[in-house]
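Single-letter residue listing:
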Amino acid sequence: MAIRTMGPSGQYETGLDAAGAALPELLAPAGGLDQMLAAIAAGADAIYAGLGGFNARVSAHGFTDDEFARGCAVAHAHGVRVYVTLNVFVFDDELSDAVALGAHALELGADALIVADAGLACALRAAIPGVEIHLSTQAGAHSESAVRLAADELGVERVTTARELAVDEIAALCATGVPIEVFCHGAICIGYSGACEFSALRRGRSAMRGDCTQPCRLAYDLVDEAGQSVVAVEGDRLLCPRDYLGIAHLPELVDAGVASLKIEGRMKNPDYVFNVVRVWRRALDMLCDGAWDPGAVEELERELGRSFNRGFTDAYLRGRSGAELMSFERAINQGVRVGRLVAVGHEEVTVELDAAVAAGDTLEIRFYPGADARPDVPKRWPQVPCPVDAAAGERVVVHCKRKVDAGCEVYLIRSAGVLDQTAAVLERMRAEADAIAPVARAVEVLPFEGAVAVGDVPEAALTEPSEKGASARMVFAWQLMDADPCGERDLSDATVVLDEVCRTADASRTRSLMRRAGRVVCRNLGQVAMARELGVAFDVAAPVFCANRATLAWLRGLGAGRVYLPAELAADDAERVAELAACPGVLGPVDADRPELMVCEHCLLTAEGACATDATGQVRCRDCSRRQRARFLVERDGTRLPVVIDACGRTRIFLS
């Protein structure tokens with residue numbers, strides 16, 4: 001998809017980079033009309049937003065119908081597309097309402113729908129001729145085989161892939177020819193999207209239903225079997241990652257062929273949307289003009305840091321997932337460094353600046369009291385207003401009543417300039433929205449037919465599955481990495497439960513297991529594609545998430561035998577689950593004996609200190625002695641959650 005640049009007429013026009021390659025779409029978040037208008041003004045190519053209750057940010061401010069229609073009209077006047085998120089998993093009795101909401105969004109002006117639930121995708125495709133569907137990252141597409149299956153069997157026009165992928169993996173997905181959307185900036189879930197039941201099983205609120213309580217941002221301890229803490233890092237936010245910062249990798253992502261660069265943040269304020277989008281717009285324009293300068297990246301990153309962030313990381317894009325990914329000390333806004341204290345006086349301090357500040361900016365002084373500080377010393381760092389405009393290299397005197405020491409770093413955590421610029425832009429854009437006349441679209445909605453009908457699923461799709469390859473002995477693939485490291489064990493009498501994650505590097509091991517197992521349980525769309533290719537008997541389990549009979553019929557149509565329900569469903573709505581569980585071949589959770597809360601690419605044991613390396617300087621997770629010791633993540637109420645690290649260095653956290 002080509003980049004949009006401002007033409008002489010004042011309208012955005014498409015263009016290519018200096019080498020003639022089409023540049024990706026810049027996709028911005030909008031939790032409400034002001035955010036949408038801010039994104040348009042900042043130069044977004046497309047906007048994604050929630051409408052109604054079937055989206056993964058149910059607590060976002062949202063739109064009235066009139067606001068959304070006017071926002072779409074303004075967007076289209078500027079050449080901007082609008083996508084609506086229907087990216088939660090739905091029950092049978094919700095399918096009709098979800099389809100109706102999708103049709104309504106299109107009538108109001110939406111251009112495409114973002115969907116995670118396979119059954120809902122099938123229902124939308126059957127009910128709304130010509131609907132454009134994008135597969136959400138919640139669906140867990142991590143590999144080429146998953147991307148192809150989604151395009152071929154669900155008919156999606158685009159796939160949003162996992163945040164955990166490195167640039168070379170993203171390039172491999174793009175090489176499939178299916179348009180690939182990748183996250184480029186913003187908050188990161190530490191668990192794989194679509195594979196996290198932590199909030200549902202520990203807090204009673206499901207991330208899969210758009211109601212995540214963000215347990216990854218809370219304080220924890222990591223202890224051994226005796227209950228002794230083994231944490232060696234500063235801070236207790238052991239599951240809190242920094243925010244995604246991919247701008248230094250922009251040329252690589254363009255070369256990889258990504259179709260869309262997605263900025264996270266449907267819960268963010270308009271000033272966040274405006275600032276982040278305009279910086280990314282500037283970077284893309286530099287590429288378009290042949291003016292990309294790696295030396296400018298630091299300044300671009302500094303500008304991005306003026307908006308909310310938990311610190312930044314590009315670890316995933318570099319193929320890393322260790323401690324450099326994490327924000328152990330705090331889960332709130334980190335801001336951007338602008339200087340340090342060089343003098344401390346009576347109720348005032350002198351800051352030597354290494355970046356410009358403005359009058360009205362909020363500065364934070366990073367003062368650490370020390371172990372011998374009195375108990376009444378405030379733990380929160382002092383935040384003080386900047387009194388004047390000043391440039392890098394200058395010194396400013398700032399009022400500060402709290403005790404601090406010279407040498408403390410100073411960060412900008414609230415930019416008066418960004419707020420003022422956003423306010424001015426919104427005043428202009430609101431006037432445009434008030435003056436524009438929304439254009440209602442006619443959307444044809446057909447009655448449900450065939451396999452997508454909630455009450456009319458073909459009996460052939462729901463009959464008792466074949467017993468071929470069935471086995472009472474069930475083993476988990478991640479455990480076999482240690483128990484059978486050379487892949488020699490005869491598994492013909494076993495059902496192997498495959499891993500939740502299936503990236504390119506996992507393909508060879510997964511295929512070997514499939515060939516040796518009597519039967520496999522696929523937990524990823526990529527594994528489903530492999531099993532079909534190899535002709536092996538397979539079942540499915542979460543994170544291949546099944547909450548309705550339309551999804552069940554689709555999975556059966558692919559060749560799946562049994563379907564295991566997610567652990568969180570039983571705790572969510574017993575009556576609805578009972579209806580689904582009554583279908584032949586539908587079973588309870590595959591991990592019912594020890595429900596899994598989360599799987600992470602990050603190794604939690606890095607909180608104990610740096611990883612050991614071999615003679616070549618490489619980290620060898622398989623040989624790590626820490627993995628052999630019992631570890632528990634301890635919540636504030638004292639609950640101990642077992643932690644296991646597999647031979648790939650991935651963390652699994654289980655219900656106690």
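Residues numbered from 1 in each chain as written. Predicted model: local features only at pLDDT ≥ 70, side-chain atom pairs only at ≥ 80, totals over all residues. Heavy atoms only, no water.

1. Here we look at the overall build of the chain
Now for step 1: The number of helices and strands found in the chain is 18 helices and 30 strands.
Now for step 2: Looking at the chain as a whole, 58% of its 656 residues are labelled buried.
Now for step 3: Contacts spanning at least 24 positions in sequence make up 69% of the contacts within the chain whose residues lie at least 6 apart. (Helix = DSSP H or I, 4+ residues; strand = E, 2+ residues; numbered from the N terminus. Buried < 20%, exposed > 50% of the residue type's maximum accessible area, 1.4 Å probe, protein only. Contact = heavy atoms within 4.5 Å.)

2. Comments concerning the confidence of the model for the chain
Now for step 1: Mean pLDDT over the chain: 90, with 90% of residues reaching 70 or higher.
Now for step 2: With pLDDT under 50 throughout, residues 450–456 is counted as low confidence; its partners more than four residues away or in other chains account for 15 contacts. (pLDDT = per-residue confidence, 0-100.)

3. A look at the pairing of strand 23 (residues 517–522)
Now for step 1: The element strand 23 is largely enclosed, with a buried count of 6 among its 6 residues.
Now for step 2: Note that strand 22 (residues 491–497) and strand 23 share 4 bridges and pair parallel. Its bridge partner lying in strand 23, Thr495 is registered against Arg519.
Now for step 3: Assessed by its sense of winding, the connection that carries the chain from strand 22 through helix 14 (residues 507–516) to strand 23 is right-handed.
Now for step 4: Pairing of strand 23 with strand 24 (residues 538–540) involves 3 bridges; the strand directions are parallel. Counted as the bridge partner of Cys522 is Val540 from strand 24.
Now for step 5: You can see the chain leave strand 23, run along helix 15 (residues 525–534) and come back into strand 24, and the turn it takes is right-handed. (Pairing = 2+ DSSP bridges. Right-handed = clockwise from strand over helix to strand, strands pointing away.)

4. A few points about the environment of Tyr316
Now for step 1: Here Tyr316 shows up in the loop between strand 14 (312–313) and strand 15 (336–345).
Now for step 2: Remark: the alpha-carbon pair of Tyr316 and Glu601, spanning 285 residues in sequence, is separated by 9.2 Å.
Now for step 3: For Tyr316, the contacting residues outside a window of four places in its chain are Arg163, Glu164, Leu165, Ala166, Ile188, Ile190, Ser321, Leu325 and Glu601.

5. Describing the sheet that holds strand 15
Now for step 1: The strand order across the open sheet built from 6 strands is 18-17-20-15-16-19, with neighbouring strands paired in antiparallel fashion. Unpaired on one side and paired on the other, strand 18 (383–385) and strand 19 (395–399) mark the two borders of the sheet. Pairs of neighbouring strands in the sheet enclose a mean axial angle of 40°, with direction left out of account.
Now for step 2: Here 5 bridges tie strand 17 (residues 362–366) to strand 20 (residues 409–414), and the two strands are oriented antiparallel to one another. (Axes fitted to C-alpha atoms, helices over the stretch in contact; angles between N-to-C directions.)

6. A closer look at unusual backbone geometry
Now for step 1: The omega torsion across Ala542 and Pro543 is 15°, close enough to zero to call that bond cis.
Now for step 2: Mapped onto the secondary structure, Pro543 falls in the loop between strand 24 and helix 16 (549–558).
Now for step 3: The backbone phi angle of Gln214 is positive, close to 55°, even though this residue is not glycine.
Now for step 4: Located in the positive-phi region is Glu347, a residue other than glycine, with phi close to 55°.
Now for step 5: Relative to the elements of secondary structure, Glu347 occurs in the loop between strand 15 and strand 16 (348–353).

7. Describing the pairing of strand 13 (residues 260–263)
Now for step 1: Every second residue of strand 13 is oriented toward a common face, with Ser260 and Lys262 on one face and Leu261 and Ile263 on the other, all of them buried.
Now for step 2: With 3 bridges joining them, strand 3 (residues 25–30) and strand 13 adopt parallel strand pairing. When the bridges of strand 13 are listed, Leu26 appears paired with Leu261.
Now for step 3: Where strand 9 (residues 180–186) lies against strand 13, 4 bridges are found, and the strand directions are parallel. Its bridge partner being in strand 13, His185 is matched across the sheet by Ile263.

8. A word on the state of the cysteines
Now for step 1: Inspection of the entire model under this criterion finds 0 disulfides.
Now for step 2: No disulfide involves Cys522; its sulfur sits 8.8 Å from that of Cys502, the nearest cysteine.
Now for step 3: For Cys522, a relative accessible area of 0% gives the class buried.
Now for step 4: In this structure Cys583 is a free cysteine whose sulfur lies 8.3 Å from that of Cys546, the closest cysteine sulfur available.
Now for step 5: A relative accessible area of 9% places Cys583 in the buried class. (Disulfide = S-S within 2.5 Å.)

9. Comments concerning the sheet that holds strand 10 (residues 191–196)
Now for step 1: Spatially, the 6 strands line up as an open sheet ordered 10-27-30-29-28-11, and their pairing is antiparallel. Strand pairing shows two members of the sheet lacking a second neighbour, strand 10 and strand 11 (221–223), which therefore form its edges. For this sheet the average axis-to-axis angle between neighbouring strands, irrespective of direction, equals 30°.
Now for step 2: Sheet analysis places strand 29 (residues 640–645) next to strand 30 (residues 651–654), joined by 3 bridges and oriented antiparallel. Each residue of the ladder has a partner; that of Val643, found in strand 30, is Ile653.

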